[in-house]
Amino acid sequence: MESLSWILLATSIFLLIFKLLNYPHGTRKNLPPGPRPWPLIRNLNLIGPLPHPSLHNLSQTYGKLMYLKFGSVPVLIASSPDMAKLFLKTHYHIFASRPLTAAGKYTSYNHQDNLFAPYNHHWKHGRKIYLNEVFSSKRVDSTEYIRVQETHHFLSSLHSMSGNPIMLKEHVSRVILSQINRTVLVRKYFSQSKDEKESLTFEEIKEMFDEFSVLNVAFHLADWMPWMGFMDLQGYVKRMKALSKKFHKFYEHVFDEHKDRMKDEKEGFVVRDFVSVLLKLADDLNLEVKLSIDAVKGLTQDLIIGATDTTTATIEWAMSELIKQPRLIKKAAKELDRVIGKERWLQETDFTNLPFIDLILKETMRLHPAGVLLAPHLALEDCKVDTYDISKGTIAFINIWSIGRDSAVWDDVDSFRPERFLGSDIDVNGHHFVLLPFSSGRRMCPGYRLALKMMRSLLGNMLHGFNWKLPGNMRCEDIKMEEVYGLSAKRKSPLVAVLEPRLPSHMYHQVADV
Ligand code: HEM
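Please read all numbers here as calculations on a predicted model, not as lab measurements. (Residues numbered from 1 in each chain as written. Predicted model: local features only at pLDDT ≥ 70, side-chain atom pairs only at ≥ 80, totals over all residues. Heavy atoms only, no water.)

**Description of the overall build of the chain**
Counting its regular elements, the chain contains 18 helices and 11 strands. For a compact globule of 514 residues, the expected C-alpha radius of gyration is about 24 Å, and the chain comes in at 25 Å, within 12% of that figure. Counting only C-alpha atoms and orienting by the principal axes, one finds that the chain spans roughly 95 × 55 × 40 Å. The burial tally for the chain puts 54% of its 514 residues in the buried class. For the chain, the accessible area works out to roughly 23600 Å², and carbon and sulfur atoms hold 56% of it. Across the chain, the mean location of the 66 positive side-chain charges is 3 Å away from that of the 58 negative side-chain charges. (Helix = DSSP H or I, 4+ residues; strand = E, 2+ residues; numbered from the N terminus. Rg over C-alpha atoms; globule rule 2.2 N^0.38 Å. Buried < 20%, exposed > 50% of the residue type's maximum accessible area, 1.4 Å probe, protein only. Areas by Shrake-Rupley, 256 points an atom, 1.4 Å probe, with all protein chains shown as cover. Lys, Arg positive; Asp, Glu negative; His and termini not counted. Charge placed at Lys NZ, Arg CZ, Asp CG, Glu CD.)

This is how it looks when you write it as structure tokens:
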């Protein structure tokens, strides 16, 4: 009898603890629906290696606005255009911040960049600099020559490999990193061959970017259960610190070179790149908010990392979808022949006359957006969203991967059909909540116009210069479109393709000299 009482007492205590741990899920507050959480980890067990499809599947049961808990952190998942609009437009001023994560602390100069910065005076200052100084039309236009030169070198090197299978991603990431580093840092800062003396090779710098991409989206348990922070059970903090040292050394080298040039050239110094803009501002004693050197590093890092992974992944997805449907490649080539002809390459001024290239990019970003869940949007105060009570500190994720597959919005959701955008005014400029690859509102991607220029020009010229085929006996059905998660969602198995030149051969030799 006595042992039965002990069992009853122990069971009651367990149930009480379980109930307390589940509070306040649905008790006092009116919260959106969501799966029942476990003790401690709460709903973290429901997130697979690819969080966006896991959350998409859950939304089929719990609806377009779901409430979950990741450890001790309340999380909202928006999976429809209407819900996205509530966070990015209606309540944009409340959901404008970011959570303080270990990655932001160790790999982004203690959140002194823009992408991972909470909503504060530092972020506002950085954003203003981006919009007024870095991404002004004048500054972006002034770097067009870099995009042209690097694209032409890229096309020429593709030509030298025609007839042989190439791993597309390797070549695209190299040309994009070359364009971005020259635009942001004035020169590439990585060596192309063993003879060049640079502090880093292309492979080393790529490895740093890949590690950054993994560490910045990894489910780091201590971000969700802060009491675990001192243990570093997953070893992520150790890796973050090691990575941060490498980036630190790299920026020191770049900035030293810039400062030497500024000293040598004195009044004659001409600003040719984004880092020079930022370093000049850091020297400006009259600035209302002082720009620290760590902030310059953080802002520089956002530009080179934010640009490279996203654009490379998007171009690889586009070409993978196209190669599966040769009729689309033919259709694009027909438009290019009509508008550009066979004796020149596509230029940025041609974009408005090439609507099909734009349709291809829109359809690619609908099915394969790089930032599948956008970046986390943190509530700065308690508020009501729809009819629900949301607490300060809740994190909203917008599942744009799911929105791209919402059958209430799109027909035949899984088919890659660029023509679906024909005659529609849907665009990627943040005004249409059905298509949000660059997000919308206060935290919208500030680099989206530059990204579009780079992608239109690279993809358009790749289609203009070459016919794209699969190697050997490979069939379209053999192409696996599986993804891996990262700062950008990319293809798991890289695309391998064979190219056939479409233009007279002098075009490819001529370009190398531009
Ligand atoms: C295909 C290309 C790109 C895609 C899909 C993309 C997408 C995004 C997304 C989804 C966000 C987060 C928005 C949010 O929090 O709601 C973002 C932020 C950002 N992106 Fe991009 N991006 C691309 C290219 C670029 C480029 C080329 C640059 C710069 C050279 C850039 C710089 C940034 C920066 C600095 C932020 C942080 C904004 C902030 O939090 O205030 N991105 N981008």
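So that's the structure; there's more coming.
**Side note on the environment of Thr 310**
Its place among the elements puts Thr 310 in helix α13 (residues 293–324). Separated by 137 residues in sequence, Thr 310 and Ser 173 place their C-alpha atoms 9.9 Å apart. Aside from chain neighbours lying at most four places away, what touches Thr 310 is Ala 370 and Ser 488. A polar contact is formed between the side chain of Thr 310 and the backbone oxygen of Gly 306, at a distance of 2.7 Å. Among the polar contacts listed, one links the side chain of Thr 310 to the backbone oxygen of Ala 307, at a separation of 3.2 Å. (Contact = heavy atoms within 4.5 Å. Polar contact = N/O pair within 3.5 Å; in protein donor to acceptor, adjacent residues only side chain to side chain.)

**Side note on helix α11 (residues 236–265)**
Every α-helix winds through 3.6 residues per turn, so residues three or four apart in the chain are directed the same way. The first and last C-alpha atoms of α11 sit 43 Å apart over 30 residues, in line with the 44 Å expected at 1.5 Å per residue. Every buried residue of α11 is accounted for by Tyr 236, Val 237, Met 240, Leu 243, Phe 247, Phe 250, Tyr 251, Val 254, Phe 255, His 258, Arg 261 and Met 262. For α11, the elements touching its buried residues are α4 (102–107), α8 (168–185), α9 (202–217), α12 (274–283) and α13. Positive phi shows up at Lys 266, right after α11, with a value of about 40 degrees. (Expected span 1.5 Å × (residues − 1).)

**Structural notes on the pattern of salt bridges**
Applying the stated criterion across every chain, the model contains 26 salt bridges. Glu 252 is paired through a salt bridge with Lys 297; the nearest N and O atoms lie 2.7 Å apart. Taken as a pair, Glu 252 in helix α11 and Lys 297 in helix α13 lie far apart in primary sequence, 45 residues in all. Lys 297 gets classed as buried once you look at its relative accessible area, which sits at 2%. Of the charged contacts, one joins Arg 327 and Glu 419 as a salt bridge, the two residues approaching to 2.9 Å between their closest N and O atoms. One end of the pair, Arg 327, is in helix α14 (residues 326–339); the other, Glu 419, is in the loop between α16 (400–403) and α17 (448–465), with 92 residues separating them in the sequence. The exposure class assigned to Arg 327 is partly exposed, which follows from its relative accessible area of 42%. Salt bridges sharing common partners tie together Asp 141, Arg 147, Glu 348 and Lys 453. (Salt bridge = Lys/Arg side-chain N within 4 Å of Asp/Glu carboxyl O.)

**Remarks on the UniProt feature "binding site: heme" (unreviewed entry) in the chain**
Those residues carrying the UniProt feature "binding site: heme" (unreviewed entry) are Cys 445 in this numbering. Structurally, the position occupied by Cys 445 is in the loop between α16 and α17. Under the relative-accessibility criterion, Cys 445 is labelled partly exposed at 30%. (UniProt positions renumbered as here; feature names shortened; annotations may be inferred.)

**Description of the sheet that holds strand β11 (residues 496–501)**
Reading across from one edge, β3-β11-β8 is the order of the 3 strands in this open sheet, with antiparallel pairing throughout. Looking at strand neighbours, the two that pair on one side only are β3 (165–167) and β8 (466–469), the edges of this open sheet. Pairwise comparison of adjacent strand axes, ignoring direction, gives a mean angle of 45 degrees for this sheet. Pairing of β8 with β11, which is carried by 4 bridges, proceeds in the antiparallel orientation. From the neighbouring strand, Lys 469 faces β11, where its bridge partner is Val 498. Of the strands in this sheet, β8 and β11 touch α17, which is tilted by about 90 degrees from β8. (Pairing = 2+ DSSP bridges. Axes fitted to C-alpha atoms, helices over the stretch in contact; angles between N-to-C directions.)

**Some thoughts on the site of the ligand**
Residues in contact with the ligand amount to 28 residues; listed here are only the nearest, Arg 98, Trp 123, His 377, Ser 439 and Cys 445. Only α5 (121–134), α13 and α17 provide two or more residues apiece to the shell around the ligand. Here the shell around the ligand takes 7 residues from α13, the largest share from any one element. When the residues that make up the shell around the ligand are grouped by side-chain class, the tally is 16 nonpolar, 8 polar and 4 charged. (Near = heavy atom within 4 Å. Nonpolar A, V, L, I, M, F, W, Y, C, P; charged D, E, K, R; others polar.)

**Side note on the packing of aromatic side chains**
Enumeration according to the criterion identifies 21 aromatic pairs in this entry. Consider the rings of Phe 135 and Phe 274, whose centres lie 6.1 Å apart with planes at 75 degrees: the pair is edge-to-face. One end of the pair, Phe 135, is in the loop between α5 and α6 (137–142); the other, Phe 274, is in helix α12, with 139 residues separating them in the sequence. Take Phe 135 and Phe 274: they sit in the same class, and that class is buried. Here the basic side chain of Arg 187 rests over the ring of Tyr 189, its NZ or CZ set 4.1 Å away from the ring centre. Geometry around Trp 410 places Arg 366 over its ring, the cationic atom sitting 5.5 Å from the centre. (Phe/Tyr/Trp six-rings, centres within 6.5 Å; stacked < 30°, edge-to-face > 60°. Lys NZ or Arg CZ within 6 Å of the ring centre and 35° of its normal.)

**Some points on the pairing of strand β2 (residues 73–78)**
Summarising burial for β2: 6 of the 6 residues are buried, a large majority. What you see with β2 is no split at all: Val 73, Val 75 and Ile 77 on one side and Pro 74, Leu 76 and Ala 78 on the other are buried throughout. Two strands pair when backbone bridges link them, and strand β1 (residues 65–70) and β2 are joined in this way by 6 bridges, in the antiparallel orientation. In the strand pairing of β2, Leu 65 is matched with Ala 78.

**Structural notes on the confidence of the model for the chain**
When pLDDT is averaged across the chain, the result is 92; 94% of the residues are at 70 or more. Scored as a whole, the predicted complex attains pTM 0.93, and scored at its interfaces, ipTM 0.99. (pLDDT = per-residue confidence, 0-100.)

**Details of the pairing of strand β7 (residues 395–398)**
Of the two faces of β7, both are covered, the one formed by Ile 395 and Phe 397 as well as the one formed by Ala 396 and Ile 398. The sheet contact formed by β2 and β7 spans 4 bridges and is parallel. Note on β7: the bridge partner recorded for Ala 78 is Ile 398.

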